[in-house]
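Listed here are the chains, written in short residue letters.
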Amino acid sequence: MVPTDLILACAVLFLALAVDRLAGDPHSSYHPVALLGRFIGWWGQPARYPPGLQRAAGTIFWMATVCIFALPFFLFGRYAPWLVFLVGAPFLLKCCFAWRSLEEHALGVVAALESSVDAGRNRVKLMVSRETAQLDDEQIRSAAYESMTENLTDSIVSPLFYFALFSPFGLGLAGAAVFRAANTMDAMLGYRDERARLGWCSARMDDVLNFIPARITTFFLLAWFLTRGTAARAWRVMRRDGKKRPGFNGGIVMAAMAGGCGIRFDKPGVYTIGIGERSLESGGPAIVQAVRAVTLSFAAIMAGTLILLAWLIHSTGI
């Protein structure tokens, strides 16, 4: 790895964040993730396979989907001239994460609630899979902010982590693309219903790939809440409620966020996370602020790590 390649990766990281904040996610059927979703939708139908073959089919198609989606990212990262890479790579990396759109979806639910509870229920359907017909105002806000909190890992920290992790090997874009494909498959197939067998591999691989990033996210949240004077409360709630949510990644992030912001996440009949010292109407902006702080601080640490590695390579001649 040439040191200048790492500096280039650092520049791409920040340019991708800038592209996201300026442009958000284009609503196009030709967006790479939209194309990915249609491909998963084609093969991800349990009725296509006998029950006994669904796990095998899901595993084979998981590998095929990851390879197909990541291949263009790999080829561009490997063969594009440096100037073309600097211009195009931020847009490709942007396809693998979503920061601005998380805020837009959550704040869109809040805005809809100002019209009526029914409007909020309809809007939050775009973010969560739970039944929304009986949710009250606070539960609607909870669904929206829960999705935003969980996706702080899935849609921001994890793809940026894998970009930085594999950049020293010239595979940063491919690493981010592999994660985006894996996470999208989990989002579409990782449910305990008729898709359970077919989505088994997707769910397990998403758990594995998010294991380290979820704990990094939690660390950065605790560090942020330390500056706000609520880190001790965030830690206590994380220890108490971190395992209430199914899975072993999302719960700790949600519990740390709930404790640090002093709010409560409530999925009726499934879990209640947090202490609820204040409502989500007053505490919601603190969640948005925390997501922004973690995103920027994590990106800065990743960029600093790449620069330090470049300096070490230059200094030692490795």
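Residues numbered from 1 in each chain as written. Predicted model: local features only at pLDDT ≥ 70, side-chain atom pairs only at ≥ 80, totals over all residues. Heavy atoms only, no water.

Draft legend 1. Expanded view of a nonpolar patch on the surface. On the surface, a cluster of nonpolar side chains totalling about 320 Å² of accessible area is made up of Leu-71, Leu-75 and Tyr-79. With respect to the helices, strands and loops of the structure, Leu-71 is situated in helix H3 (residues 54–79). (Patch = residues over 30% accessible without salt bridge, like charges linked within 9 Å, V, L, I, M, F, W, Y side chains within 5 Å. Areas by Shrake-Rupley, 256 points an atom, 1.4 Å probe, with all protein chains shown as cover. Salt bridge = Lys/Arg side-chain N within 4 Å of Asp/Glu carboxyl O. Helix = DSSP H or I, 4+ residues; strand = E, 2+ residues; numbered from the N terminus.)

Draft legend 2. Focus on the pattern of salt bridges. Counted by the stated rule, this structure contains 14 salt bridges. We note a salt bridge from Arg-130 to Glu-146, for which the minimum N-O separation is 2.9 Å. Placement of the pair is Arg-130 in the loop between helix H6 (117–124) and helix H7 (137–166) and Glu-146 in helix H7, with a sequence separation of 16 residues. The class of Arg-130 is buried, set by a relative accessible area of 15%. Taking the relative accessible area as the measure of exposure, Glu-146 reaches 3% and is therefore buried. Residue Glu-150 is joined to Arg-245 by a salt bridge in which the shortest nitrogen-to-oxygen separation is 2.7 Å. Placement of Glu-150 in helix H7 and of Arg-245 in the loop between helix H10 (231–241) and helix H11 (250–261) is noted, with a sequence separation of 95 residues between them. By relative accessible area, Glu-150 is classed as partly exposed at 25%. The class of Arg-245 is buried, set by a relative accessible area of 16%. If you follow the salt bridges from partner to partner, you end up with Asp-20, Asp-25 and Lys-94 in one network. (Buried < 20%, exposed > 50% of the residue type's maximum accessible area, 1.4 Å probe, protein only.)

Draft legend 3. Examining the environment of His-31 more closely. By secondary structure assignment, the location of His-31 is in the loop between helix H1 (3–23) and helix H2 (32–43). The buried category is assigned to His-31, whose relative accessible area is 13%. Sequence separation of His-31 and Ala-256 is 225 residues, and the distance between their C-alpha atoms is 33 Å. Beyond its immediate sequence surroundings of up to four residues, His-31 is in contact with Asp-25, Pro-26 and Cys-95. (Contact = heavy atoms within 4.5 Å.)

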